[in-house]
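The lines below spell out each chain.
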Amino acid sequence: GNSVTQMEGPVTLSEEAFLTINCTYTATGYPSLFWYVQYPGEGLQLLLKATKADDKGSNKGFEATYRKETTSFHLEKGSVQVSDSAVYFCALFSRDNYGQNFVFGPGTRLSVLP
Amino acid sequence: DGGITQSPKYLFRKEGQNVTLSCEQNLNHDAMYWYRQDPGQGLRLIYYSQIVNDFQKGDIAEGYSVSREKKESFPLTVTSAQKNPTAFYLCASNSGTGRGMNTEAFFGQGTRLTVV
């Protein structure tokens, strides 16, 4: 079945440091890939997405590139801020003969220190 | 503004009681989903529905029930058969059609259920 693997957290960085959160996936067909962010006590918000190979999603300084050859969608940001502290989820959406569904990774908690 | 609304934000249940969590969307989305999130954990799929009057069990459906009588609404009932219902519940929807574009899920703000 489809699956998403994320690097284990928590990740603690100083303000202005470079961020990478690794995400790899297993899927049949051509899934769409997403990064979601969750702030404490809230639902998930879409951060960025990519719908086909070599697409780059970007938003608020975050970027991720859909790499079909390595089945990866790593999240990066060049300079993190304290306000980026949250939990980040990598996810895929796919459709096949059995239906459609999202598959989420376990989440990576990021703490940015001033 | 279009969006997805969950209510209530906080819910307390006595043991042995059934409770129903509301989820409403005005995005004209065909598909809706319910997830459970435990502290420090990821999301686990409870039920999903791709179309009105149809729904499928997810990975942890035992002790839960749903209905999809209207496109806009997908309520979740946590029954007394659910032995450990204290958790954060998230509802989501997406267009569910086609491949690629506009398949992202939109999430509600969640309902935190506590058994007292």
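Residues numbered from 1 in each chain as written. Chains lettered and ligands numbered in written order. Predicted model: local features only at pLDDT ≥ 70, side-chain atom pairs only at ≥ 80, totals over all residues. Heavy atoms only, no water.

(A) Structural detail: the environment of Met7 of chain A. Residue and element names in this part refer to chain A. By secondary structure assignment, the location of Met7 is in the loop between strand E1 (3–6) and strand E2 (11–14). Using a relative accessible area of 27% as the deciding quantity, one classes Met7 as partly exposed. Along the primary structure Met7 and Pro114 are separated by 107 residues, whereas in three dimensions their C-alpha atoms are 23 Å apart. Those residues in contact with Met7 that lie beyond four places of it in its chain are Thr20, Ile21, Asn22 and Thr108. (Helix = DSSP H or I, 4+ residues; strand = E, 2+ residues; numbered from the N terminus. Buried < 20%, exposed > 50% of the residue type's maximum accessible area, 1.4 Å probe, protein only. Contact = heavy atoms within 4.5 Å.)

(B) Up close: the pattern of salt bridges. Tallied over the entire structure, the rule returns seven salt bridges over all chains. Notably, a salt bridge pairs Arg44 of chain B with Asp38 of chain B, separated by 2.8 Å at the nearest N-O pair. (Salt bridge = Lys/Arg side-chain N within 4 Å of Asp/Glu carboxyl O.)

(C) Looking closely at the sheet that holds strand E7 (residues 56–59) of chain A. Residue and element names in this part refer to chain A. Ordered in space as E3-E9-E8-E7, the four strands form an open sheet in which the pairing is antiparallel. Looking at strand neighbours, the two that pair on one side only are strand E3 (19–21) and E7, the edges of this open sheet. Going across the sheet, the axis of each strand differs from the next one's by a mean of 15°, ignoring polarity. With two bridges joining them, strand E8 (residues 62–65) and strand E9 (residues 75–77) adopt antiparallel strand pairing. Note on E9: the bridge partner recorded for Glu63 is Glu76. (Pairing = 2+ DSSP bridges. Axes fitted to C-alpha atoms, helices over the stretch in contact; angles between N-to-C directions.)

(D) Molecular detail of the pairing of strand E3 (residues 19–25) of chain B. All names here are of chain B. Side chains Val19, Leu21, Cys23 and Gln25 project from E3 onto a buried face, and the interleaved Thr20, Ser22 and Glu24 project onto a face without burial. Pairing between strand E1 (residues 4–7) and E3: four bridges, direction antiparallel. Across the sheet, the residue bridging to Gln6 is Cys23, located in E3. In this sheet, strand E8 (residues 76–78) lies alongside E3 in antiparallel orientation, the contact comprising three bridges. Its bridge partner lying in E8, Leu21 is registered against Leu76.

(E) Structural detail: the sheet that holds E1 of chain B. Residue and element names in this part refer to chain B. The four strands lie next to each other as E1-E3-E8-E7, forming an open sheet whose pairing is antiparallel. In the strand order of this sheet, the two ends are held by E1 and strand E7 (64–66), each with one partner. Adjacent strand axes in the sheet meet at a mean angle of 20° when their direction is disregarded.

(F) Inspection of the state of the cysteines at higher detail. Here the structure, examined in full by the defined rule, presents two disulfides over all chains. The partner cysteine of Cys23 of chain A in its disulfide is Cys90 of chain A, sulfur to sulfur 1.9 Å. Negative torsions about the S-S bond denote left-handed disulfides, and the value of about -70° found for Cys23 of chain A with Cys90 of chain A makes this one left-handed. Here Cys23 of chain A is found in strand E4 (residues 23–26), whereas its partner Cys90 of chain A is found in strand E10 (residues 86–96), with 67 residues between them in sequence. Judged on exposure class, the residue Cys23 of chain A and its partner Cys90 of chain A are both buried. Note on cysteine connectivity: Cys23 of chain B is disulfide-linked to Cys91 of chain B, with sulfurs 1.9 Å apart. Handedness here is read from the sign of the S-S torsion; for Cys23 of chain B and Cys91 of chain B, about -75°, the answer is left-handed. (Disulfide = S-S within 2.5 Å.)

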